[in-house]
Every structure is written in C-alpha cells, then in structure tokens.
Amino acid sequence: MIEAKNVIKKYGQVTALDDFTVNIPKGKIGILGPNGAGKSTFVKIALGLIESTSGEVTVLGEKLDKNSIAIRRKIGYMPEHDCIPNKMTGVEFLIEMGQVSGLDYQTATQRTHEILGHLRMGEEKYRLIEEYSGGMRQKIKLAQGLVHGPELMFLDEPTSGLDPKARLEMLDTINGLAEISNTNVLLSTHILQDVETVCDYVIIINNGKLQIKENVKELVKRQTDTIQIRVGENSDDFISILKQNDNKRNIEITERWIRIPYENDESFKEIISAAASAKCQLYEMERIAVTMDNIYLEVVN
Amino acid sequence: MKSDAKIAEKFKDFTPTLDSRANIVLGMGLRGFEKLLSLKNKGTLFLIGIIYLWTFAFYLLMGEDSYPCTEVSEEITTCTHLNFYGDLQYGGTRIFLVMLAAIASSGLIANDLNDKSIHLYLSRPISRIDYLIARIIPIFLLMITVTVLPNLAIFISQFSKSGLDLNFLSDNKWTLSNLILQAIFYSISYSIIGITFSAAINRESLAAVAFFGTVYGISLIVEIFYEMMNGMDIEQADYILLLSIIHFLDIISYNIFNVDYFVTIFGSPVIIEYSFALIVGLYALLFFSFITLVNYIISQMEVTK
C-alpha cells in the first residue's frame, strides 16, 4: 500500500525522519510512536503535503514525487488538529469537501447524507459546526476524509482530546466505516489501545526510524503475565509439584529463572506451598506483567 | 455498535467519478464568487450598488460631448473612463473599488488559515497554486463585475446615442478593448493585493482595514512627499509616486490607453514620465513577490501543523 525507501526529512537542524524505510501492507495499519517520533511527518509526506529531503515514497502503486496530486484522489485525510470551519453547517462543509475532491454537487450531497447517516448524526448535521461537541467535530473531520470514497484513509490521532466514551465510539466508527466501505486505514497515534482496537498491523516509529513492524495479533500474543522465581536446591522437585497441580501449566525454565503464568493471587500461595513441600529455598519471587505497553515502551526505549 | 451499522450496498460499492483538477479549481472559484454575492454579505452588495450608481451618475454628469477623450489642459489629454479610476476628483469610484476589494478579499484565505481548514483543502487533488487561483477567482470576478460591466454599459449607451452608427464602433474599437483590458488589469491587481493581505494578516477584519489603509494611506503620504520634494526642486521626485499602489496601477492603466500619465496634486494636474520597461518590470516584480509571499505563508502552515 505504501512503500518508503530511505526517506529523510529535516526541518533545519532537526531530523524528523532518519533513513526511514518501510513497506506497509493493505488493511488497517497503525503507526505508533511517542510525540515527535515522526508519525505526522511521515503521514504528510505520504499525502504529498510536504516533500521529503531525500528518499522515495510510493503510495498505492504510484510514485509520490511524480503523481502526488493524482494520488490524493485516492486518499482521504483526517488531521490531528481542529481544522473545520465554524461558520458552516456539517452538511455544507461535507458537500464543499466532496466538491473540492472532484465530486459533482449531486453526488457530494448524496454521499454526505449517507456518511452522516452512518455516523449517526441526525438533525444536528444542519447546525453550525461551532455548536458541535468535540466528538461531533471529530466525526465531521472523519467524514470529510471519506466523502469521496478514498482507497486509503490517513487518520492522524483521531481520538485526540476525546473523553473515554467518545473515544470508544470514534474507534468503533472507524472500524465500521472502514469495513463497510472497503477503505484501507493508516492510523497514526500514540495510544496503543487505539491500534489494538482498529488495526491489523502495527508500525512503531521512534526518533524518525522504524523500530518494529508486526501483526497486531502476534504482538498481542507476546503479552504475558508471569511470576518470576529464583530458587535454590531441589528445583526439579519444586517444578514437578507445580506440574502435578496443573499439568497444562506452561512453566518456562531458564538457567537463572523459573517463570510460572500468573492466574490470580492464589498462584503465590501455591508456589510457596510447592517450595515448602520440595524443601526448595525461594530466593526471589516477583510478578512480571508483559503488556502491550511494556512491549511498546521496550521498543521505544 | 459496529454490528448495528446498516450496510448500504451503494455506500459500499461507491466508485466515484472525480472531476478534473481544472474543473475543481474553477468550481471552488465560482462557489466563492457566489458566496461573495450572497445576501449575508450586505457590505459587499452595498458597495457594488454604490459603484454602479456612482458610475452612471458620473457618466450623466460628464455629458456625452466629452466622450471618449478630452483635453484637461493644453498638454494633457485624458478619457472619461480613465477618470473613474485615475482621479478621485473626477471619478470617485476608485475609493469604493478599493474598499470593495479590501472587504471582499479579506476573508478568502484568512478564514481558511484561521480555522486551519486550509489543510483539508490542500489534502485534496489540487496544488497550492491551484488553491491560490481558486481563491483569487471570486474576488477577480467580483472586481470584473464592477469594472468591466459598468464601463461596457456606458460604451453601449454611447453607441446607442450615436444612433447605432457602426462608425462609432470602428472609431472606438481600441477604446473598447482598452476599457476591458484596463478593467481586467485593475481587477487582477487588486485581487492579488487582496489575497496577499488576507494571507499575511489571517484575521478577516484586520486584513480589510490593512488593505485599505495601506493602499490609501501610502498614496496620501507619497503625494505629500512628492509635493515636498518638488518644492525642494529634487529632479527624481516623480519616482516616489511609484511607491503608491494607486498611482503605480494608474500609470500602467494610462499606458494601456496610450495617454499621458498625470497626477492631480492638490488640484493641479502634473505630467509624469517613466520608461515603459521600468513600470512593467516593477509591476511584474511586485506582484510576483506578492504571490511568492502568499505561497510561502501557506507552505509554512503545512509544515507547522
């Protein structure tokens, strides 16, 4: 879907993207990274809004340096910041955006009402945008990007500034609209849960470099919650007793550590009891939860 | 909620036929023009009315004998239509023309910059220059409406008074083309100045005040300095008039009609002579700088957000 080769983007002395190379497949892709990682810069380069200092970018099979305007016919963009005019109604604004994308008035009007219907906007769509809540403004921002039926939709921090309820609603809307309109999604965010909820693939960027590109399901599988133990003698007996209690239990044994899946606080009592039975000395016992956040932080740091 | 979504097949299989880039730009421009003429813009409509009224009233006052050209003094010849714009003493529409350009153009880019919707426009299949053209079109068409149309109306009226004599048309064919050219020249110039102020001062009302104040304020200051320099017998005094946008545009406008350029300083007409290459070169440089500045301001917006 998007291929970037050795892309460098510099703003004066600051390097926003540093020899960035990535091949982004079709589907719903998340770009994760802390603030200032280079996510928005990459999105803007892929949109053709800004030029890279060097490197090559291909979007939907077309080279960006030659066809940036033609490519924009196939893509939609929802910026991070508030950028919708207050003095227009939701309907007027979407029709205008449809027409600026190249739709005729009739199609733009029809499409506007269809999208706003999917976004569950009723009579409020005829109100001035300045009267809208934060969630409604985000919906309008999303709708304007989808009005011309793009193949690919860039979403830059779509849940930014939303309360938890509005955030979940927005993610659900993105999921729903992307699925029913067969639109590929590139979601740029620093919120891990947004990627988990929406995306198939995740790309993590930090300091302008690609850190990781992985299937979200695979990444989720890497989430573990274990109790890490260091024991003295008779460790074999200790492990046997633990396995007797639950033979399906996945016990990881390394030279230094034994890791037992954490189920609940009873797991600690069970470990102490097994150690006592095996006359095995417990030196250390600690719960180690490897969450998506940990994986992300590990990659970013 | 996702499962609740009703999937309309039409929505799912939407394969749009998108217009060409040129049509998108033209469409944006025409919609902008339509907005300028909407009833919400009472100030704009009022000024348009005033310009038409003033033009026709002035035409009636001038009388048909002075048309198309007359002698102001032994050495100066001017034409009626030029007076509409060339000299406030005779014309008077120019102040309204500048006022209209200032008010109507002030929001064109300023509003997009202010609410940041410019990012959404520029993410569409148009370039930055396309966007600028689309924003110039509304004010350009508006200026054409108040320059070309009234002048044409007067020309047709003259033709009618000549008893529809075809010789009138052949005798004045250059006047007709020059009238149109002059109006286009003023329209495009004030349109570019307008969007420059609109982009540079991204507040609608401030941009309008700055446009009008700069154009008329500098003109007044320049005239005072011109008088002072003349009083001191400084030979190069004429060149100071080039600093005034109003005088500068008038100089080129007079050149279009191949008429001697004169300014009226405190009621006295004075002939000014410049080389054609100088004024055309300066005009090109000035307006290229304006467009470059607007382009730069917009490009900076793209980078910062």
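Conventions adopted
- Residues numbered from 1 in each chain as written.
- Chains lettered and ligands numbered in written order.
- Predicted model: local features only at pLDDT ≥ 70, side-chain atom pairs only at ≥ 80, totals over all residues.
- Helix = DSSP H or I, 4+ residues; strand = E, 2+ residues; numbered from the N terminus.
- Buried ≥ 20, exposed ≤ 12 C-beta atoms within 10 Å, placed from the backbone.
- Contact = placed C-beta atoms within 7 Å.
- Rg over C-alpha atoms; globule rule 2.2 N^0.38 Å.
- Nonpolar A, V, L, I, M, F, W, Y, C, P; charged D, E, K, R; others polar.
- Axes fitted to C-alpha atoms, helices over the stretch in contact; angles between N-to-C directions.
- Parallel < 35°, antiparallel > 145°, perpendicular 65-115°, else oblique.
- Left-handed = near helix turned anticlockwise from the far one by under 90°.
- Core = buried A, V, L, I, M, F, W, Y, C linked by C-beta atoms within 7 Å.
- UniProt positions renumbered as here; feature names shortened; annotations may be inferred.
- Domains from an automatic or database assignment.
- Expected span 1.5 Å × (residues − 1).
- Pairing = 2+ DSSP bridges.

1. Section: the overall build of chain B
Looking only at helices and strands, one finds twelve helices and four strands in chain B. Within chain B, buried positions represent 36% of all 305 residues. Taking all contacts inside chain B whose residues are at least 6 apart in sequence as the whole, residues at least 24 apart take part in 76%.

2. Quick word on the overall build of chain A
Looking only at helices and strands, chain A features eleven helices and 14 strands. A compact globule built from 301 residues should have a C-alpha radius of gyration of about 19 Å, whereas chain A, at 25 Å, is more than 25% larger. Taking the principal axes of its C-alpha atoms as reference, chain A extends roughly 80 × 45 × 30 Å. Every one of the 301 residues in chain A was classed for burial, and the buried ones make up 42%. Considering only residue pairs separated by 6 or more positions, chain A has 72% of its internal contacts joining residues 24 or more positions apart.

3. Observations concerning the environment of A:T15
Residues and elements named next belong to chain A. The residue T15 is located in strand β2 (residues 14-24) in this model. Taking C-alpha positions, T15 is 22 Å from G30, a pair spaced 15 residues apart along the chain. Excluding anything up to four places from it in sequence, T15 contacts I8, K10 and G208.

4. Section: the interface of chain A and chain B
Facing 36 residues of chain A, the contacting portion of chain B comprises 32 residues. Those elements giving two or more residues to the side of chain A that touches chain B turn out to be α2 (64-71), α3 (90-100), α4 (105-118) and α6 (164-180) of chain A. In terms of residue class, the side of chain A that touches chain B is made up of 15 nonpolar, 14 polar and seven charged.

5. Thoughts on the packing of helix α5 (residues 93-114) of chain B against helix α10 (residues 204-231) of chain B
Residue and element names in this part refer to chain B. For the pair α5 and α10, the least separation of the axes is 8 Å and the interaxial angle reads 140°. In terms of their interaxial angle, α5 and α10 are classed as oblique. Judged by the twist between their axes, the crossing of α5 over α10 is right-handed. Across the interface between the two elements, V98, M99, A102, I103, S106, G107, A110 and N111 of α5 pack against E204, S205, A207, A208, F211, F212, V215 and Y216 of α10. The class makeup of the residues in the contact of α5 with α10 is eleven nonpolar, four polar and one charged.

6. Some words on unusual backbone geometry
Most of the time, phi is negative for any residue but glycine, and the peptide bond is trans. Despite not being glycine, A:E157 has its phi angle at roughly 50°, a positive value. Relative to the helices and strands, A:E157 resides in the loop between β7 (152-156) and α6.

7. Thoughts on the nonpolar core
Inside soluble globular proteins, nonpolar side chains tend to come together where they are buried. In terms of nonpolar packing, the biggest core is built from 132 residues, with A:F154, A:I203 and B:L100 touching the most fellow members. Every residue in contact with B:L100, bar those within four places of it in the chain, is listed here: B:T44, B:L47, B:I48, B:I51 and B:V146.

8. Some thoughts on the environment of A:G102
Residue and element names in this part refer to chain A. Tracing the backbone through its elements, the reader meets G102 in the loop between α3 and α4. Owing to 23 C-beta atoms within 10 Å, G102 belongs among the buried residues under this scheme. Distance from G102 to E114, taken between C-alpha atoms, is 17 Å for residues twelve residues apart in sequence.

9. A closer look at the UniProt feature "transmembrane region" (unreviewed entry) in chain B
Residues and elements named next belong to chain B. The positions UniProt marks with the feature "transmembrane region" (unreviewed entry) are residues 44-62, 91-111, 132-159, 179-199, 206-227, 239-263 and 275-298. Helix makes up 48% of residues 239-263 and strand 12%, and the two end C-alpha atoms of the span are 12 Å apart. Helix makes up 96% of residues 275-298 and strand 0%, and the two end C-alpha atoms of the span are 35 Å apart.

10. Looking at the domain arrangement of chain A
Interfaces are frequently sized by the accessible area removed from exposure as the parts join. All names here are of chain A. Domain assignment breaks chain A into domain 1 (2-220) and domain 2 (224-300). For domain 1 versus domain 2, the separation of C-alpha centres amounts to 43 Å. With ten residues of domain 1 at the interface, the matching set in domain 2 holds six residues. For the side of domain 1 that touches domain 2, the elements supplying multiple residues, two or more each, are α7 (192-198), β9 (201-206), β10 (209-215) and α8 (216-221). The residue inventory of the side of domain 1 that touches domain 2, partitioned by class, reads seven nonpolar, two polar and one charged.

11. A word on the packing of α10(B) against helix α11 (residues 245-256) of chain B
For any two helices packed against each other, one specifies the crossing angle of their axes together with the interaxial distance. Residues and elements named next belong to chain B. Where α10 meets α11, the closest approach of the two axes is 7 Å, and the angle between their N-to-C directions is 85°. The angle between α10 and α11 falls in the class roughly perpendicular. For the pair α10 and α11, contact is made by V215, I218, S219 and V222 and by I245, I246 and H247, respectively. Residue composition of the contact of α10 with α11, by class: five nonpolar, two polar and no charged.

12. Some remarks on the UniProt feature "domain: ABC transporter" (unreviewed entry) in chain A
The feature "domain: ABC transporter" (unreviewed entry), as annotated in UniProt, sits at residues 2-232 of chain A in this numbering. Annotated as residues 2-232 of chain A, this span is 37% helix and 30% strand, and its ends, taken at the C-alpha atoms, are 53 Å apart.

13. Looking at α10(B)
Relative to the 40 Å expected for 28 residues at 1.5 Å per residue, α10(B) spans 40 Å between its end C-alpha atoms, a close match to the ideal helical length. Among the residues of α10(B), B:A207, B:A208, B:F211, B:V215, B:V222 and B:Y226 are the ones counted as buried.

14. Side note on the pairing of strand β6 (residues 75-78) of chain A
Put simply, side chains in a regular strand alternate between the two faces of the sheet. Residues and elements named next belong to chain A. Burial along β6 is two-sided: the residues I75 and Y77 and G76 and M78 are all buried. Pairing of β6 with β7 involves four bridges; the strand directions are parallel. Following the sheet pairing, M78 is matched in β7 by L155.

15. Regarding the pairing of strand β14 (residues 282-290) of chain A
Residue and element names in this part refer to chain A. Within β14, only zero of the nine residues are buried, which leaves the element largely exposed. Relative to β14, strand β11 (residues 224-231) is paired through eight bridges, and the arrangement is antiparallel. In the sheet register, V231 faces β14, and the bridge partner there is L282.

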